[in-house]
Amino acid sequence: MLIGTVVLAGLALGLCAVLVLTDRLLPAGKDPVTDRIESLLPRIQCAQCGYAGCRPYARAIAAGEADINRCPPGGEETVRQLAELLGREAVALDTTLGSANMNRVARIDEHNCIGCNRCVPVCPVDAIVGVQQTIHAVIAAHCTGCELCLAHCPVDCIDLVARDA
Amino acid sequence: MAELMLVIVGAALVNNFVLVQFLGLCPFMGASRRVEGALGMGLATGLVLTTASGISYLVDSLLLIPLELEYLRLLAFILVIGAAVQLTEQMTRKLSPLLHRVLGLYIPLIASNCAVLGVALLNSTANRSLIAALFYGAGAAVGFGLVLALLAGLRERAEGADVPKPFQGHAIAFITAGIMSLAFLGFTGFVRL
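Please read all numbers here as calculations on a predicted model, not as lab measurements.

### Points about the overall build of chain B
The number of helices and strands found in chain B is nine helices and zero strands. Across chain B, helices and strands are ordered from the amino to the carboxyl terminus as α-α-α-α-α-α-α-α-α. Long-range pairs, those at least 24 residues apart, make up 77% of the contacts in chain B with a sequence separation of at least 6. If you sum the accessible surface of chain B, you get close to 9400 Å²; carbon and sulfur atoms cover 70% of it.

### Regarding the packing of aromatic side chains
Residue and element names in this part refer to chain B. In this structure the tally under the stated criterion is three aromatic pairs over all chains. Between phenylalanine 17 and tyrosine 136, the aromatic rings sit 5.9 Å apart at their centres with planes inclined by 70 degrees, giving edge-to-face as the arrangement. Remark: tyrosine 136 occurs in helix α8 (residues 130-160) and phenylalanine 17 occurs in the loop between α1 (2-14) and α2 (25-30); sequence separation between them is 119 residues. The buried category is assigned to phenylalanine 17, whose relative accessible area is 2%.

### Focus on a nonpolar patch on the surface
Residues and elements named next belong to chain B. Where nonpolar side chains cluster on the molecular surface, the patch consists of Leu58, Leu62, Leu130 and Leu134 and spans about 320 Å² of accessible area. Listing elements by their share of the nonpolar patch, those giving two or more residues are α3 (35-64) and α8. Tracing the sequence through the fold places leucine 58 in helix α3. According to the relative accessible area criterion, leucine 58 is partly exposed, its value standing at 37%.

### A closer look at empty space enclosed by the protein
Any empty space left between atoms is shown by rolling a water-sized probe over those atoms. Residues and elements named next belong to chain A. Here the structure, examined in full by the defined rule, presents three cavities of 30 Å³ or more. Considering only enclosed or pocket space, the largest cavity measures out at about 100 Å³ in volume. Forming the boundary of the largest cavity are 14 residues, of which Ala106, Cys123, Cys143, Cys146 and Cys149 lie nearest the centre. Of the residues contributing to the lining of the largest cavity, the split by class is 12 nonpolar, one polar and one charged. Lining the second largest cavity are 14 residues, and of these Cys113, Cys116, Cys119, Cys153 and Cys157 sit closest to its centre. Per-class residue counts for the lining of the second largest cavity are 10 nonpolar, three polar and one charged.

### Some points on the interface of chain A and chain B
Contact residues are listed per partner, giving 26 residues for chain A and 24 residues for chain B. Across the chain A to chain B interface the summed buried area is about 2300 Å²; carbon plus sulfur atoms make up 70%. On the surface where chain A and chain B come into contact, there are one salt bridge. A salt bridge links Glu89(A) to Arg33(B), with the nearest nitrogen and oxygen atoms 3.7 Å apart. Along the contact surface separating chain A from chain B lie three residue pairs in polar contact (both at pLDDT 80 or more). Counting residues per element, the ones that place at least two in the side of chain A that touches chain B are α1 (2-25), α2 (32-40), α3 (54-62) and α4 (75-86) of chain A. In terms of residue count, the dominant contributor to the side of chain A that touches chain B is α1(A) (10 residues). Here the side of chain A that touches chain B is composed, by residue class, of 16 nonpolar, four polar and six charged.

### Structural notes on the pattern of salt bridges
All names here are of chain A. Per the counting criterion, the structure on display carries eight salt bridges over all chains. In this structure, glutamate 147 and arginine 104 form a salt bridge, with 3.0 Å as the shortest nitrogen-oxygen distance. Separated by 43 residues along the polypeptide, glutamate 147 in the loop between β3 (137-138) and β4 (158-162) and arginine 104 in strand β1 (residues 104-108) bring together distant segments of the chain. The exposure class assigned to glutamate 147 is partly exposed, which follows from its relative accessible area of 25%. Here the salt bridges share partners, and the residues they tie into one network are Asp35, Glu38 and Arg55.

### Quick word on the nonpolar core
Within soluble globular proteins, side chains that are nonpolar generally end up buried alongside one another. By size, the foremost hydrophobic cluster in this structure holds 38 residues, and its most contacted members are Leu19(B), Phe28(B), Ile110(B), Val116(B) and Val147(B). Of all the secondary-structure elements, those providing two or more residues to this core are α1, α2, α3, α4 (73-95), α6 (106-110), α7 (114-125), α8 and α9 (170-185) of chain B. Among the elements that make up this core, the one with the highest residue count is α8(B) (eight residues). Among all residues touching Ile110(B), those that are not within four sequence positions of it are Met41(B), Ala44(B), Thr45(B), Val48(B), Val85(B) and Val116(B). Judged by nonpolar contacts, the second largest core, of 20 residues, contains Val33(A), Val79(A), Leu82(A) and Leu93(A).

Definitions and limits used
- In every chain, residue numbers begin from 1 and rise along the written sequence.
- Each chain is given a letter, starting from A, and each ligand a number, starting from 1, according to the order in which they appear as written.
- Per-residue local features are limited, in this predicted model, to residues with pLDDT of at least 70; the limit for side-chain atom pairs, both in listing and counting, is 80 or more; totals at the level of whole chains, interfaces and linings are taken over all residues.
- Excluded from the side-chain calculation are hydrogens and water; included are all heavy atoms of the structure.
- We count a stretch as a helix when DSSP gives it H or I for four or more residues in a row; a strand needs E for two or more, and each element gets its number in order from the N terminus.
- We call two residues in contact when some of their heavy atoms are within 4.5 Å.
- Here the open area of atoms and residues is found with the Shrake-Rupley method and a 1.4 Å probe, where only the protein chains shown may cover a residue.
- Aromatic pairing here means that ring centres of Phe, Tyr or Trp (its six-membered ring) are within 6.5 Å. Orientation follows from the plane angle: under 30 degrees is stacked, over 60 is edge-to-face, and everything else is tilted.
- Whether a residue is buried, partly exposed or exposed follows from its accessible area with a 1.4 Å probe, protein chains only, as a fraction of its type maximum: under 20%, in between, or over 50%, in that order.
- Excluding any residue in a salt bridge, patches collect residues exceeding 30% relative accessible area, merging like charges within 9 Å and nonpolar Val, Leu, Ile, Met, Phe, Trp and Tyr side chains within 5 Å.
- Put simply, a salt bridge is a Lys or Arg side-chain nitrogen that is within 4 Å of an Asp or Glu carboxyl oxygen.
- Buriedness of a pocket was judged along seven lines, with at least five required to meet protein on both sides within 12 Å; pockets are open sets of points on a 1 Å grid over the protein atoms alone, cavities are sets where a 1.4 Å probe fits but cannot get out, and lining residues have an atom within 4 Å of a point.
- Grid points are joined across faces, edges and corners, and a volume is the space filled by probe spheres set on the points.
- Residues are grouped as follows: nonpolar covers Ala, Val, Leu, Ile, Met, Phe, Trp, Tyr, Cys and Pro; charged covers Asp, Glu, Lys and Arg; every other residue, Gly included, is treated as polar.
- The term buried area refers to how much accessible surface (probe radius 1.4 Å) is lost by two components on association, counted for both of them together.
- Contacts described as polar in this section are N or O atom pairs within 3.5 Å, which, within protein, must combine one atom able to donate a hydrogen with one able to accept it, while residues neighboring in sequence count only if both atoms come from side chains.
- Only buried residues count toward a nonpolar core. Its members are Ala, Val, Leu, Ile, Met, Phe, Trp, Tyr and Cys residues joined through side-chain atoms within 4.5 Å.

Spelled out as structure tokens, the structure:
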């Protein structure tokens, strides 16, 4: 009886010691999960997911704080790829967050633009050119259709049009 | 060497732990929804199975038998398995965080996988050598991973199939597993151990 108790206690202590040792000795791994999630996102930094950009959103997904369906520009395809990477079930895109997609670009109505320069700093991809007091223009090849500039125009002269129109 | 191969084939196919001996059924049904998850689960379980059967054998032959404490096998093996699971958890967390994210929840469940305990107990009752015990564990791991991946593949197909309403969901999965078990019974008698 006594010897059995001693042997079991010794075994438990020995295994504990091994586990503590391996925990100390194994190198703490980097965090490649965030990198891989970010590489699947469109990286147009439109912030429609509610985070400051794609990297913070990827970090939130990795930490389990955000769902994978919050990226309107990425669409269902991104949700599917994220679900595959993370081994989760694909969920429907959250359509309440916005409808931006890469098929549309912003266009500034030059007759109404007052050159206020408010839309330039909010553009995440620097697709709007022009300085104060001059009429602005959108570089269609850079524009991602993220709609962030629309709310900042005081004269409402920015529209989204089909990319090839 | 030929005998060791027979041990592996015997444990993996002929006396498959899941489909013939009906051990470890809970991760078999629980972790077989997606092939990727099933492969990861099979890998993690295999690691635990092999290390746990080796360490259990050493504990049994060096500690319990010389001290005539065979009646403590069950307790001692559960301790060893718990430690092996914790070790696997540490290793996946630090070496492959992505795998850890996919498996996260399942790794602690391996501790209660009765196939792991079954291998350790069967090893000690069958009086195998250390090498044979390790191979038996590895064979059981191969068999477990194989049937897990097979069932996951079948279930993925069944998701797209036109399954009658009363059979949808888990029902068709159980029927699939039953038919697989019947198929594996065809191996009976291939290897005598």
